[in-house]
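Structural overview for review
Here are the chains, one letter per residue:
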Amino acid sequence: MSRKEGSLEAPTRHPIDWQNPDYYDHDKLMGELERVYDVCHGCRRCVSLCQSFPTLFDLVDESDTMEVDGVDKADYIKVVDHCYLCDLCFMTKCPYVPPHEWAIDFPHLMLQAKAQKFERDGARLRDRVLTNTDAMGKFASTPGVSQLMNGVGNTNVFRVTLEKTMGVHRDAPLPHYQRPTLEQRAQTQVQTIPATAVGETSGKVALFATCFANYTQSDLADDFMKVFQHNDIHIEPAFDLLCCGMPKLELGDLNSVDRMRKHNIPRLAELVRQGYDLIAPIPSCVLMFKQELPLMFPDDDEVALVQRAFFDPFEYLWLRHKGGQLKTEFQGTLGKVSYQPACHQRVQNFGPRTRDVLALVPDTEITTIERCSGHDGTYAVKLETREHALKIARPVVRQVDQAGPDHHISDCPMAASHIGEQRKLADGKASHAPHPISLLRQAYGL
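The structure reproduced in this document is the subject of the present report. Note that residues are indexed from 1 along each chain, following the sequence as it is written. With the structure being a predicted model, the display of local features is reserved for residues of pLDDT at least 70 and the display and counting of side-chain atom pairs for 80 or more, all residues being used for whole-chain, interface and lining totals. By convention in this description, side-chain values take in all heavy atoms of the structure and omit both hydrogens and water.

1. Thoughts on the layout of surface pockets
Roughly 430 Å³ of volume is contained in the second largest pocket. Detection works on a 1 Å grid of protein atoms alone, calling trapped sets that fit a 1.4 Å probe cavities and calling open sets with protein on both sides within 12 Å along at least five of seven lines pockets, with lining residues defined by an atom within 4 Å of a point. Around the second largest pocket, the lining comprises 19 residues; the ones closest to its centre are P15, Y23, H108, L109 and Q112. Strands here are runs of E lasting at least two residues and helices are runs of H or I lasting at least four, both read from the DSSP assignment and numbered beginning at the N terminus. Within the residue set of the lining of the second largest pocket, elements represented by two or more residues are α1 (26-43) and α5 (106-121). Among the elements that line the lining of the second largest pocket, the one with the most residues is α1, at four residues. Residue classes follow a fixed rule: Ala, Val, Leu, Ile, Met, Phe, Trp, Tyr, Cys and Pro count as nonpolar, while Asp, Glu, Lys and Arg count as charged, and any other residue, Gly among them, counts as polar. Of the residues belonging to the lining of the second largest pocket, the class tally is nine nonpolar, four polar and six charged. Grid points are joined across faces, edges and corners, and a volume is the space filled by probe spheres set on the points.

Set out below in structure tokens:
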């Protein structure tokens with residue numbers, strides 16, 4: 001039978017069968033890794049995406065046979081450790097994804113390997129702390145603690161000590177924790193606006209703050225509330241929620257993901273039943289509810305209910321615009337904008353709606369850079385992977401420098417900061433790196 005490359009059919013994802021004992025069968029995993037690594041070795045389209053693929057190809061090329069059969073299976077995990085589940089290989093590069101007969105889903109195979117590693121070895125203290133984002137946010141934003149951390153957090157003695165004891169790179173920027181939280185700030189600004197349905201949108205939105213934005217980007221509350229209210233959308237924060245689970249997913253701690261699901265999904269589903277649509281300021285969190293949880297729990301009706309109601313903020317605004325309900329009377333321009341779409345937004349497959357909405361602003365020039373920023377959760381923070389994160393960011397930084405923008409932006413605040421940090425390290429330049437919703441508020445003159 002001849003083998004075809006690629007498909008005219010849309011890529012499909014299969015459920016993540018993580019509760020099946022076979023999911024944790026080491027020998028079966030090794031066999032599947034060997035099969036997929038062999039296909040990747042013969043293709044190599046993904047070599048520029050992240051460090052997983054150069055690591056794999058170096059292992060093959062330096063082996064005695066120069067084939068996958070010459071690679072020690074104990075080294076397979078080195079490829080896994082560099083995967084941060086950005087999903088770009090599946091969505092933008094691989095010609096062998098399902099429904100192709102080879103059915104390559106590289107990110108979810110890496111997830112299975114991470115889950116087996118976590119089940120077998122657990123995780124080091126640093127990784128448990130960094131992915132316990134709710135506890136970190138609540139503790140570090142406590143009055144007194146936040147001032148202490150923001151005061152000593154960047155001293156050389158503290159950073160060297162943190163690197164030696166925890167493996168957090170001394171040059172990696174640490175977040176600045178804040179109170180009041182995004183939820184608290186948003187609550188003070190709620191206005192009752194009659195909901196007007198437009199297309200798929202109800203006109204009534206609950207904002208899932210996310211643990212990162214809630215404790216470190218609380219000023220985003222002002223921008224979301226102003227922009228959505230200006231467009232006659234009722235918006236209010238959702239309360240009593242935990243982390244979406246993405247940091248634990250990337251660690252392979254699937255039981256913690258399940259625990260967060262059990263807490264979050266009933267609360268979010270009840271909001272949906274009350275007529276709310278759902279949005280979040282961080283693309284990874286949106287993706288968790290739109291893709292990963294539905295694949296992990298394909299038979300959970302409440303997960304499916306939440307999935308259908310969850311939108312990226314700019315996806316939501318564009319849907320309102322298509323229905324003639326987005327205001328386009330802007331008070332200012334944005335000039336030149338370099339825009340790096342977040343990986344976890346791109347793979348949601350609804351199109352470049354952040355760019356499209358901002359392009360409605362007169363005299364605004366947007367340059368889109370479709371490359372990974374290299375930040376990717378904890379990857380740019382850890383001692384052993386930070387240099388790789390900087391390497392991945394260089395093409396983006398170079399294109400931003402070439403554009404010479406008034407602003408550089410990303411849907412992911414961490415990605416935008418990472419790009420800005422590399423620009424400053426390279427030549428002292430620094431461009432304004434707001435959240436896109438903040439730029440839209442600026443254009444409205446609100």
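2. A look at helix α16 (residues 301-309)
Accessible area is worked out with a 1.4 Å probe on protein chains only. A residue is then buried under 20% of its type maximum, exposed over 50%, and partly exposed in between. Those residues of α16 that sit buried are V303, V306 and A309. For α16, the arc enclosing every buried residue in end-on projection is 130°, short of the 170-degree limit, so these residues lie on one face. Opposite the buried face of α16, by more than 90 degrees, sit the exposed residues D301 and R308. At the N-terminal boundary of α16, the capping side chain belongs to D300, with an oxygen 2.9 Å from the backbone nitrogen of E302. Of all possible arcs, the one meant is that of the directions from the helix axis to the C-beta atoms. Distance and chemistry together define a polar contact, namely a pair of N or O atoms within 3.5 Å, with one atom able to donate a hydrogen and the other to accept it when in protein, and with adjacent residues in sequence counting only for side-chain atoms on both sides.

3. Things to note about helix α15 (residues 283-296)
Here the expected length of a helix is defined as 1.5 Å per residue gap, with one fewer gap than residues. In this model, α15 (14 residues) spans 19 Å end to end at C-alpha, consistent with the 20 Å of a helix rising 1.5 Å per residue. To obtain the bend at a residue, axes are fitted to the seven residues ending there and to the seven starting there, and the angle between these axes is taken. Along α15, the largest kink reaches about 40° and is centred on F289. For α15, a buried count of 14 out of 14 residues is recorded, marking the element as mostly surrounded by other parts of the structure.

4. A closer look at the sheet that holds strand β6 (residues 364-368)
Read across the sheet, three strands follow the order β6-β5-β7 without closing on themselves; strand pairing throughout is parallel. The sheet terminates laterally at β6 and β7 (407-410), the two strands that pair on one side only. On average, each strand axis in the sheet is inclined to that of its neighbour by 25°, with strand direction left out of account. The rule for pairing is simple: two strands pair if DSSP sees at least two bridges between them. Across four bridges, strand β5 (residues 335-340) lies against β7 in parallel orientation. When the sheet's bridge partners are listed, Y339 is paired in β7 with I409. Here, residues are in contact when the closest pair of their heavy atoms is within 4.5 Å. Interaxial angles span 0 to 180 degrees and are taken between N-to-C directions of axes, which are lines fitted to C-alpha atoms, for helices over the stretch in contact. The strands touched by helix α22 (residues 436-444) within the sheet are β5 and β7, with β7 carrying the most contacts at an inclination of about 130°.

5. Details of the packing of aromatic side chains
Centres within 6.5 Å are what make two rings of Phe, Tyr or Trp a pair, Trp counting through its six-membered ring; a difference in plane orientation under 30 degrees is then read as stacked, over 60 as edge-to-face, and the rest as tilted. The tally for this structure, following the rule as stated, stands at 13 aromatic pairs. Centroid distance Y84 to Y379: 4.9 Å. Interplanar angle 65°. Geometry classified as edge-to-face. Taken as a pair, Y84 in the loop between α3 (76-81) and α4 (88-93) and Y379 in the loop between β6 and α20 (386-403) lie far apart in primary sequence, 295 residues in all. Of the residues examined, Y84 reaches a relative accessible area of 5% and is grouped as buried.

6. Topic: unusual backbone geometry
For the bond from P98 to P99, the omega torsion is 20°, close enough to zero to count as cis. Tracing the sequence through the fold places P99 in the loop between α4 and α5. For the bond from R179 to P180, the omega torsion is 0°, close enough to zero to count as cis. Tracing the chain through its elements places P180 in the loop between α9 (156-166) and α10 (182-187). For M66, which is not glycine, the phi dihedral falls at a positive 60°. Positionally, M66 belongs in the loop between α2 (52-61) and α3. Classification of M66 as partly exposed rests on a relative accessible area of 49%. In the Ramachandran plot, L85 falls in the positive-phi region, its phi being about 60° despite a non-glycine side chain. Among the structural elements, L85 can be located in the loop between α3 and α4.

7. Considering the sheet that holds strand β3 (residues 277-279)
Read across the open sheet, the four strands follow the order β2-β1-β3-β4; overall the sheet is parallel. Strands at the two margins of the open sheet, each flanked by one partner only, are β2 (234-237) and β4 (310-311). Two elements, strand β1 (residues 204-207) and β2, share four bridges in a ladder whose sense is parallel. If you follow A206 over to β2, its bridge partner there is E236.

8. Some remarks on the packing of α1 against α5
The contact between α1 and α5 brings their axes to 11 Å, and the two run at 145°. In the packing of α1 onto α5, the handedness of the crossing is left-handed. Residues H26, L29, E32, L33, V36, Y37 and C40 of α1 lie in contact with α5, whose contacting residues are F106, L109, M110, Q112, A113, Q116 and R120. Residues that form the contact of α1 with α5 fall into these classes: nine nonpolar, three polar and two charged. Handedness of each helix crossing follows the sense of rotation of the near helix against the far helix: counterclockwise by less than a right angle gives left-handed, clockwise gives right-handed.

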